[in-house]
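A closer look at the structure
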Amino acid sequence: MQYCFMSHGCDAPVLLDDTTNFIGEKTDSANNNSLTGFDVVDTTKSQVENVCPVVGPSWPLLLGRRDSTTANLSVANSDLPSPALNLSGLISAFSNKGFTAQELVVLSGSHKIGEAKCRVIRQRIYHDANIDPSYATSLKSNCPSNGGDDNLAPLDVTTPTYFDNAYYTTLLSKKGLLHSDQLLFNGGSTDFQVGAYSSDSASFLTDFANAMVKMGNLSPLTGTSGQIRENCRKVN
Ligand code: HEM
């Protein structure tokens, strides 16, 4: 998401290190000490047609994507949704990029895999009312009220390395890890969509793949715009 959601679009500004000309996006409040994997991206990615290799849905990646020659911390700060937003804030953040509330729900299903830092979930596990009490207790053992800020918890309590629609089932039982996850099933307008995806794996996987293709089409640089970076971290 961080690769596409800023106003630049899908041109990988987040990979650039700070320079004398700009402060990059790695220190954005949502990315700092959080987003990782900067060193493993294949520099030929923009030219190679590929299919997502992990277990789960797959979708074709379009050809000819090029890399930005700049990055912008203030844009990153304003465009990436915070996990502390309320539901209408999340819906607006996605709407600003042309995504429906249904697409917010389906793309959030990405939180079936991966981890979150203690500092990101502390407010939720100590103060939110809409969290299963035993789940909150189990999380507190590795996320004390003070310290341990970088300790990790799996985004999904069931099978955090397997991609399926179980994310939505966990929301039904108030076991969403992020505040923003649980808001998708909290008595509001997106409840019905969470319920639908929890019981219909096929439509979740199809809608997820389509929404990923749509996200990948957020203002990519093509033709002679931008460049193909020789080193992902630096402009050529
Ligand atoms: C609804 C808006 C979203 C919010 C508020 C949000 C927020 C977050 C936060 C706070 C984390 C944990 C970061 C950390 O503690 O290090 C995270 C992790 C993650 N997010 Fe999101 N996210 C959103 C939507 C998305 C979307 C649309 C995708 C992709 C389609 C996505 C993919 C991921 C992945 C894969 C991780 C795990 C990263 C890892 O384990 O290294 N997120 N997200």
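The structure this text deals with has already been given above.
To keep things clear, this report deals only with the structure shown in the data block. Residue numbers here run from 1 along each chain, matching the order of that chain's written sequence. Local features in this predicted model are restricted to residues of pLDDT 70 or higher, and side-chain atom pairs are both shown and tallied only at a pLDDT of 80 or more, whereas totals for entire chains, interfaces and linings draw on every residue. Hydrogens and waters are ignored; side-chain quantities use all the structure's heavy atoms.

Observations concerning the coordination of the iron atom of the ligand
Which entries qualify depends on this criterion: Metal donors: N, O and S atoms at distances within 2.8 Å, or within 3.2 Å for Na, K and Ca, with water omitted from the atom set so that some sites may seem incomplete. Comment: elements are numbered from the N terminus, with helices defined as DSSP H or I runs of at least four residues and strands as E runs of at least two.
When only protein atoms are considered, the iron atom of the ligand has one donor, His111 (NE2), at a distance of 2.0 Å. Along the chain, the position of His111 falls in the loop between helix 3 (101-108) and strand 1 (115-117).

Some points on the state of the cysteines
Threshold: In plain terms, two cysteine sulfur atoms within 2.5 Å form what is called a disulfide here. Three labels apply to residues, based on accessible area from a 1.4 Å probe with only protein chains included: buried if under 20% of the type maximum, exposed if over 50%, partly exposed otherwise in between.
Counted by the stated rule, this structure contains one disulfide. Between the sulfur atoms of Cys118 and its disulfide mate Cys143 the distance is 2.0 Å. Measuring the twist about the S-S bond at about 80°, one finds the Cys118-Cys143 disulfide to be right-handed. Here Cys118 is found in helix 4 (residues 118-127), whereas its partner Cys143 is found in the loop between helix 5 (133-140) and strand 2 (152-154), with 25 residues between them in sequence. Given the relative accessible area of 1%, Cys118 is considered buried.

A look at the packing of aromatic side chains
The description of two aromatic rings rests on the distance between their centres and on the angle between their planes. Convention followed: Under the pairing criterion, centres of Phe, Tyr and Trp rings, with the six-membered ring standing for Trp, must be within 6.5 Å; the plane angle then separates stacked pairs below 30 degrees from edge-to-face pairs above 60, leaving the rest tilted.
As enumerated under the stated definition, the model contains nine aromatic pairs in all. When the ring of Trp59 is compared with that of Phe208, the centres are 6.0 Å apart and the planes differ by 70°; the resulting orientation is edge-to-face. Here Trp59 is found in the segment before helix 1 (73-79), whereas its partner Phe208 is found in helix 9 (residues 201-216), with 149 residues between them in sequence. Residue classification places Trp59 among the buried positions, given a relative accessible area of 12%. With centroids separated by 5.9 Å and ring planes inclined at 70°, the aromatic side chains of Tyr197 and Phe204 adopt a geometry described as edge-to-face.

By themselves, these observations are geometric and do not establish any function.
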